[in-house]
Amino acid sequence: MAFYQQEIECMPREELRKLQSERLCWQVNRMYENVELFRKRMDEKGLKPSDIKGVEDLSKLPFSYKKDLRDYYPYGLFAEPMENIVRVHASSGTTGKKIVVGYTRKDLDDWANGVARMLVAIGEGKDSFAQVSYGYGLFTGGLGAHGGAEKIGATVIPTSAGNTQMQIQTMIDFGSTVLFCTPSYALYLGETVEEMGVKDQLSLRVGVFGAEPWTEDMRHAIEEKLGLKAYDIYGLSEIMGPGVSGECEYQCGMHVWEDMFIPEIIDPETLEVLPYGEKGELVFTTITKEGFPLIRYRTRDICSLNAEPCKCGRTHIRMAKPTGRSDDMLIIRGVNVFPSQVEEVLIKFGTDAGITPNYQIVVDRVNNNDTFDVMVEMSETLFADDVKSIERIEKDLTEQLRSMLGIGAKVHLVNPKSIARSEGKAKRVIDKRKL
């Protein structure tokens, strides 16, 4: 069993909790001194840093929200002077303002260590050729994966996102053994590999996929198309980037690196902290981050935590694959619908039936009633089939979606390649009620 930082990764939980408590107190003190918004919220609660003795007091602290990052754009929440910030990243926001985060040199080192731990946990090392097909630039994906792969001594191939034919040719020519990208783009790469007939020329062993929710069925579809083992990595720009948690070889949840991040699960309505095993909204506190720390940040991701020992020997808690985001959840005719549920039905229905996993949900409101349409791409084979066959499949899919969701959807089989592809996060939902 290989480890990157065994002393930390296998630390007894009592020691880990003690370390978390020390680091939490340190972080609360420095944020109270350096971050105006945090100090204001502490004062509103009648709290002083001395009131926080350890992890047991975490629930006393105020939450933080994505809106805070927009309200204090660009640098208003940084806890270090700009001369100590060596890099900034950003992600787009719905209001037009980006979410801006900053890193000290130590932050970048911690970030790379988190990714490196995950890579070693799935068996990668100096013999790896890591093709990073996440976007580079302000998005955290590309440089985050890059830093972790360099830490373990892998040969990094920084292709960035885009130009699918070039990506595949690079895999073949450079002997790529590890692929980093979003799961939806991995599926698209797999489709293109099949069309090119070059699967037997690939050397891929593993894929490390994240940045968007994906189902177990999608994992199996990617593995089949690209001939690799697919692993889940989790992160978000506000907390660090990819590498906040990741799967080990046993794939029974993603280990959260608790020496750097404290995870909680809360009920998104009551804000009550839920026990391990219960599903709710994931909340993170960063306890080592210098440049842009956050206390009790509400991620909106829906999942659960598992503190049972893992067969790999790592003691850090495991988070389940997020099933979606509370702010991605659609309420249609009073029913909660997650895009991942639609994806699960489509993948189980199978390519043998003549459909692809490429889909788009369109929700609208007509005469005060919600409409729910699901556009699904046909394969080339089905496209050439007769109208009655297509209508039968639309009917079958409609029935299966109703069974899964408890609500009727109108399924439309559309022409092959008619739904826009993305090298980044796939746009699965168009909610015209919000436009």
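This structure is a prediction, so every number in the text was calculated from the model and none was measured.

Criteria and thresholds
- Residues numbered from 1 in each chain as written.
- Predicted model: local features only at pLDDT ≥ 70, side-chain atom pairs only at ≥ 80, totals over all residues.
- Heavy atoms only, no water.
- Helix = DSSP H or I, 4+ residues; strand = E, 2+ residues; numbered from the N terminus.
- Expected span 1.5 Å × (residues − 1).
- Buried < 20%, exposed > 50% of the residue type's maximum accessible area, 1.4 Å probe, protein only.
- Arc of directions from axis to C-beta.
- Polar contact = N/O pair within 3.5 Å; in protein donor to acceptor, adjacent residues only side chain to side chain.
- Contact = heavy atoms within 4.5 Å.
- Axes fitted to C-alpha atoms, helices over the stretch in contact; angles between N-to-C directions.
- Parallel < 35°, antiparallel > 145°, perpendicular 65-115°, else oblique.
- Left-handed = near helix turned anticlockwise from the far one by under 90°.
- Nonpolar A, V, L, I, M, F, W, Y, C, P; charged D, E, K, R; others polar.
- Pairing = 2+ DSSP bridges.

1. Section: helix α12 (residues 387-405)
In step 1: Its 19 residues place the ends of α12 27 Å apart at the C-alpha level, agreeing with the 27 Å of an ideal helix rising 1.5 Å per residue.
In step 2: Turning to α12, its buried residues are Ser389, Ile390, Ile393, Glu394, Leu397, Leu401 and Leu405. On an axial view of α12, the arc spanned by its buried residues comes to 135°, and they lie on one face. Turned more than 90 degrees away from the buried face of α12 sit Lys388, Lys395 and Ser403, all of them exposed.
In step 3: Within two residues after α12, Gly406 carries a phi angle of roughly 75°, on the positive side.

2. Let's talk about the side chain of Gln360
In step 1: Tracing the chain through its elements places Gln360 in strand β18 (residues 355-366).
In step 2: Taking the relative accessible area as the measure of exposure, Gln360 reaches 19% and is therefore buried.
In step 3: At 3.0 Å, the side chain of Gln360 forms a polar contact with the backbone oxygen of Lys427.
In step 4: Excluding residues that lie within four positions of it along the chain, Gln360 makes contacts with Asp373, Val374, Met375, Ile419, Lys427, Arg428 and Ile430.

3. Quick word on the packing of helix α10 (residues 339-349) against α12
In step 1: The N-to-C vectors of α10 and α12 enclose an angle of 135°; their axes lie 10 Å apart at closest approach. In terms of orientation, α10 and α12 fall into the oblique class. The way α10 lies across α12 gives a crossing that is right-handed. On α12, the residues that touch Gln341, Val342, Glu344, Val345, Leu346 and Phe349 of α10 are Ile393, Asp396, Leu397, Gln400, Leu401, Met404 and Leu405.
In step 2: Residues belonging to the contact of α10 with α12 are distributed by class as follows: nine nonpolar, two polar and two charged.

4. Some remarks on the sheet that holds strand β5 (residues 178-181)
In step 1: Taken in spatial order, the nine strands line up as β4-β3-β5-β6-β7-β8-β9-β14-β13 in an open sheet, and their pairing is mixed. In this open sheet, the two strands that pair with only one neighbour each are β4 (155-157) and β13 (305-306).
In step 2: Here four bridges tie strand β7 (residues 229-236) to strand β8 (residues 241-247), and the two strands are oriented antiparallel to one another. Within the sheet, the bridge partner assigned to Ile233 lies in β8 and is Gly246.

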